[in-house]
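If you want the building blocks of each chain, they are given just below.
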Amino acid sequence: MGSVAIGHGSGDGQSTTKASRAFNLDDAGPASVRAATIASIMALLAFVLVGGILALVAVVAPLLLGRSMPLPVWYSFGAMGFLVSAASAMVMRRAVLRMAISAIRAETTPRIELLHAMADHLPEGIALWDGDDRLVLCNQAYRDIFPRLERYLHPGAHFDAVLNAELSAAYIPASAAASWLEQRQQRHWIGDLSEQRNIEGREYEIVDSLCSGGGTLTLFRDVTTMQTRERELRDAQERYALVSLASNEGLWDLDIRTGRFYVSPRVLSLIGAQGDPADFRREDWMAAIHSDDLRTYYLRWQEHLEGDSRIFDMEYRVLKKDGEQRWIADRALALRDSTGRAYRMAGSVSDITARKLVAVEMSQARDTAEIASRAKSNFLAIVSHELRTPLNAIIGFSDLLGNTGNTPLSESDQGDFLGSINRSARELLVVINDILDMSRIETGELRLAEGTVDLKLCIESSVAIFAEQAAAKGLVMTANLPGNLPNLIGDQAKIKQMLLNLLTNAIKFTDNSGEIEVGVDHGSGAGLDLFVRDSGIGMNAEDMERARLSFAQLNDTPSRQHGGLGLGLAITTAIAEMHGGSLKLNSEPGVGTVATLHFPAERVK
């Protein structure tokens, strides 16, 4: 049998590989067999040739010598010829085999050297062990992994000796040495089992593969970079999951080339969808977009795909499965190839319904504040007029009474002047009281003096106060009260003030020959309604809402026909709410208005 010996040496810092081959003359592979066959044939020819020559000499010699040779001589001569023939054949066969072996060696050595050179350039460390677990070869990468084992890594070294050298060189912690040695030997003998090891701060995957012709190939693969990337990938995935959960946003990713659409579970929850996110399609999301926003969505989407916008950014509405409407903020960016064509688009969607509602409320509050601010500005102009008019009357008539001169006023004129002063003072008092009441209401200082209210007396006295004023305008004022009129629990003065405010507006905004009715509706457990109905100019829905505001008037121009500060309904509404009730307005332009004070059932006795 032939044997191979492969050795590694180093000189001048460079690793070299040398291969030597020792062949038996009996068997040197297929080429040797062919050479031996040729040598045997040639030896046979030589044997026949020598034998023939000897036979010829034996025949010719007696003729030439003239006498025959003794029989023993013949036997000796024949034996000598046989030996010469056999020796010639063996010498010729050996010469031919040597020539064949030299040729094979000349052909094989470059290939072995090339094999070693290739192994040394592999990035993985490899070691080849023969059937007896002795080292055949190991490349430079393997040696670099174990620099402290250089003197043990030579051809012929036993696998167990190398393992023990690893333990001695402290490549394995002493505490784990025994268990590691046993497991390492088992993996080596069984084959195709991987092991993860940290060697000199690097992570390696070790695999022993059994060779079909016997022996084992050990492979050391550096997986440090791969594991680092895996950790980075896991970290990135964790960051993605944390960001998604913390921001409460849904993430989506569309491969435009294949149509593959990936969404996170949050996307499904935004529209109330169920099922596996992997089965969710972009068409399902499109179907949830509000029909009024769908066209704009398509236009923005196409605009971004064509490169006309840097980023896709849109707010739109979606409808959940239960019909609930939600506002969505959708932001995305497309990736493009070298031609500028979009091939992938990814983004996030978030629920901004709460922000939208807050924005609407803020807008409404701002509008209300602006209206109130304008009303207060108008109030300054109105209150100056309302205060100046009675004050001018008081001052004017007072001057007339004090400056009679040589023509004293008659008792009738004096009485008229005093009456005008008194009416103007009362009008001024009403204006001031309204301002004070409104101020106390806004500051929360207005308090109720609650007790039992004689509702019938309150209504009749209020009607009597305006009877003369109503008659002067030709208005018909009636009070329709049920016979079993109950009492109320509340502040009688404030209830009368509310009723007077309603009657004041009814008389003010009802034309001549109109009608005004004061009435009460009440039912068991339904509370009580005190209403004032007129046939005046009426109001539309916008005017009714504005009339409730403080300092607001339906006509706040200098040419307005009706006086007043515009505080009556605002004060009435506030006092009604303090009683746990409300003020309801039902009006139609040109038909009239019904103002109803509603009191809850617990205040009815």
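Residues numbered from 1 in each chain as written. Predicted model: local features only at pLDDT ≥ 70, side-chain atom pairs only at ≥ 80, totals over all residues. Heavy atoms only, no water.

A. Just the packing of helix H4 (residues 159–168) against helix H5 (residues 177–190), in detail. With their axes 11 Å apart at the nearest point, H4 and H5 run at an angle of 150 degrees to one another. By the angle between their axes, H4 is roughly antiparallel relative to H5. Read as a crossing pair, H4 and H5 show a hand that is right-handed. Counted together, Phe-159, Asp-160, Leu-163, Asn-164, Glu-166 and Leu-167 of H4 and Ala-177, Trp-180, Leu-181, Arg-184, Gln-185 and His-188 of H5 form the full contact between these two elements. (Axes fitted to C-alpha atoms, helices over the stretch in contact; angles between N-to-C directions. Helix = DSSP H or I, 4+ residues; strand = E, 2+ residues; numbered from the N terminus. Parallel < 35°, antiparallel > 145°, perpendicular 65-115°, else oblique. Left-handed = near helix turned anticlockwise from the far one by under 90°. Contact = heavy atoms within 4.5 Å.)

B. Region of the structure containing empty space enclosed by the protein. Scanning the model with the defined rule gives 2 cavities of 30 Å³ or more in all. Of the volumes computed, that of the largest cavity is approximately 70 Å³. For the largest cavity, the full set of lining residues is Trp-252, Phe-261, Val-267, Arg-282, Trp-285, Tyr-297, Trp-301, Asp-330 and Val-349. For the lining of the largest cavity, the secondary-structure elements that each account for two or more residues are helix H8 (282–288) and helix H9 (291–305). Across the lining of the largest cavity, the residue classes break down as 7 nonpolar, no polar and 2 charged. Approximately 30 Å³ is the volume found for the second largest cavity. As for the second largest cavity, its lining consists of Trp-129, Tyr-142, Phe-159, Val-162, Leu-163, Glu-166, Arg-184, Thr-218 and Phe-220. Put simply, the parts of the chain that give the lining of the second largest cavity at least two residues each are H4 and strand E7 (216–222). If you tally residues by element for the lining of the second largest cavity, the top one is H4, at 4 residues. (1 Å grid on protein atoms, 1.4 Å probe; cavity = no way out; pocket = protein on both sides within 12 Å on 5 of 7 lines; lining within 4 Å. Points joined across faces, edges and corners; volume = space filled by probe spheres on them. Nonpolar A, V, L, I, M, F, W, Y, C, P; charged D, E, K, R; others polar.)

C. Highlighting the pattern of salt bridges. In total, this model carries 22 salt bridges according to the counting rule given. Salt-bridge contacts for Arg-184 lead to Asp-208; the nearest nitrogen and oxygen are separated by 2.5 Å. Here Asp-208 lies in strand E6 (residues 202–210) and Arg-184 lies in helix H5, a separation of 24 residues in the sequence. Of the residues examined, Arg-184 reaches a relative accessible area of 2% and is grouped as buried. Assessed through its relative accessible area of 1%, Asp-208 is described here as buried. A salt bridge links Arg-326 to Asp-351; the nearest nitrogen and oxygen atoms lie 3.0 Å apart. Of the two residues, Arg-326 sits in strand E11 (residues 325–336) while Asp-351 sits in strand E12 (residues 342–351), which places them 25 residues apart along the sequence. Within this structure, Glu-166, Arg-184, Arg-187, Glu-195, Arg-197 and Asp-208 form a network of salt bridges that share partners. (Salt bridge = Lys/Arg side-chain N within 4 Å of Asp/Glu carboxyl O. Buried < 20%, exposed > 50% of the residue type's maximum accessible area, 1.4 Å probe, protein only.)

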